[in-house]
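# Geometric and topological summary
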Amino acid sequence: MDNTHLLLAYIVTDFIACIIPGPAVATVTAIALSGSLRGMAGAIAGINASNIIWCVMVGVGLVALVKSAPALFTLLGWAGISYLLWMGIQTWRSNAHLETKRSGPAISAWRGFAGAVAVQLSNPKALVFYTVFLPPFVNVQKPVAPQLVLLAAIGITLETLVLATYGFLAYRLGGLSFSAAAERRMAHVTGAVFILIALGMAGMRLSA
């Protein structure tokens, strides 16, 4: 299986996952709306620090799994593709929603960092996401650890760019909200992309 295709698929999929509003986006925008750029920067750092922890824990397990049970790792890869397909269907059917309001005092960088870490590490969906999200994008015919490091670096870069964009928009505009029509369009477009990527990766695995 071509690593270039896997990498491109990962970049597109991870970027879309990042831009869909969730706990990380809500945390950063809420702090930005308080008027604190330092708090916002701290929150972004906290989210990514937590993501690194998730990546390391999941990555160590995946490396061991590839060596001890390659067939199980292959099944985990198919589970990841199924998860992407399910996520696409769910995203298509439901509207992404983001609505925040300016309130409360400015938050310090440390409070932003600590709060974001607490949010990200206490979110069980993060562990599920990394456990089933990474395997489909790993080529077991090549060294696994370097691939995981590269995927983690790309993920952190994309997460930082997206969160910073949301944060600065919230800081400058004083609030973010999407109309019902915009939410439906976002849900349909992002859901369709997830579904297409899942089907494409399934085809790649079947033809490999």
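Before reading on, note that the structure itself is shown above.
First things first, this report covers the structure right here in the doc.

About the cut-offs
- Residues numbered from 1 in each chain as written.
- Predicted model: local features only at pLDDT ≥ 70, side-chain atom pairs only at ≥ 80, totals over all residues.
- Heavy atoms only, no water.
- Buried < 20%, exposed > 50% of the residue type's maximum accessible area, 1.4 Å probe, protein only.
- Helix = DSSP H or I, 4+ residues; strand = E, 2+ residues; numbered from the N terminus.
- Contact = heavy atoms within 4.5 Å.
- Core = buried A, V, L, I, M, F, W, Y, C linked by side-chain atoms within 4.5 Å.
- Axes fitted to C-alpha atoms, helices over the stretch in contact; angles between N-to-C directions.
- Parallel < 35°, antiparallel > 145°, perpendicular 65-115°, else oblique.
- Left-handed = near helix turned anticlockwise from the far one by under 90°.
- Nonpolar A, V, L, I, M, F, W, Y, C, P; charged D, E, K, R; others polar.
- Phe/Tyr/Trp six-rings, centres within 6.5 Å; stacked < 30°, edge-to-face > 60°.

Our focus in this paragraph is helix α2 (residues 23-33). Among the eleven residues of α2, eight are classified as buried, and the element is accordingly described as predominantly covered. Residues of α2 that are buried: A24, V25, T27, V28, T29, I31, A32 and L33.

Our focus in this paragraph is the environment of I44. As for its position among the elements, I44 is in helix α3 (residues 37-68). By relative accessible area, which is 9% here, I44 ends up buried. Each C-alpha atom, one on I44 and one on G167, is 9.1 Å from the other, the two residues being 123 residues apart in sequence. Once you skip the residues sitting within four places of it in the chain, I44 turns out to touch V28, T160, L163 and A164.

All right, on to the nonpolar core then. Y10, Y130, L134 and L163 are the most contacted members of the largest nonpolar core, which totals 35 residues. Listing elements by their share of this core, those giving two or more residues are α1 (3-19), α2, α3, α6 (124-133) and α7 (144-173). Considering every element that reaches this core, the biggest residue donor is α7, with eleven residues.

Here the focus is the side chain of S50. Mapped onto the secondary structure, S50 falls in helix α3. When its relative accessible area of 1% is taken as the criterion, S50 is described as buried. Setting aside residues up to four positions removed in sequence, S50 forms contacts with A116, V117, Q120 and L121.

A word on the packing of α2 against helix α5 (residues 109-121). Here α2 crosses α5 at 160°, and the two axes come no closer than 10 Å. Regarding the angle of α2 to α5, the classification is roughly antiparallel. The handedness of the crossing between α2 and α5 comes out as right-handed. Contact residues: P23, A24, T27 and I31 in α2; G112, A116, V119 and Q120 in α5. Its residues assigned to classes, the contact of α2 with α5 comprises five nonpolar, three polar and no charged.

We describe a pair of aromatic rings using the distance from one ring centre to the other and the angle between the two ring planes. Per the counting criterion, the structure on display carries two aromatic pairs. Taking 5.4 Å as the distance between ring centres and 70° as the angle between the ring planes, the aromatic pair formed by Y10 and F137 counts as edge-to-face. Separated by 127 residues along the polypeptide, Y10 in helix α1 and F137 in the loop between α6 and α7 bring together distant segments of the chain. As far as the burial class goes, Y10 and F137 line up, both buried. Taken together, a centroid distance of 5.8 Å and an interplanar angle of 20° make the contact between W110 and F113 stacked. Here W110 and its partner F113 are both found in helix α5, three residues apart, which amounts to about one turn of the helix.

Of note, I81 is situated in helix α4 (residues 70-93). On the basis of relative accessible area, I81 is assigned to the buried category, the value being 6%. As a C-alpha pair, I81 and V132 span 51 residues in sequence and 8.1 Å in three-dimensional space.

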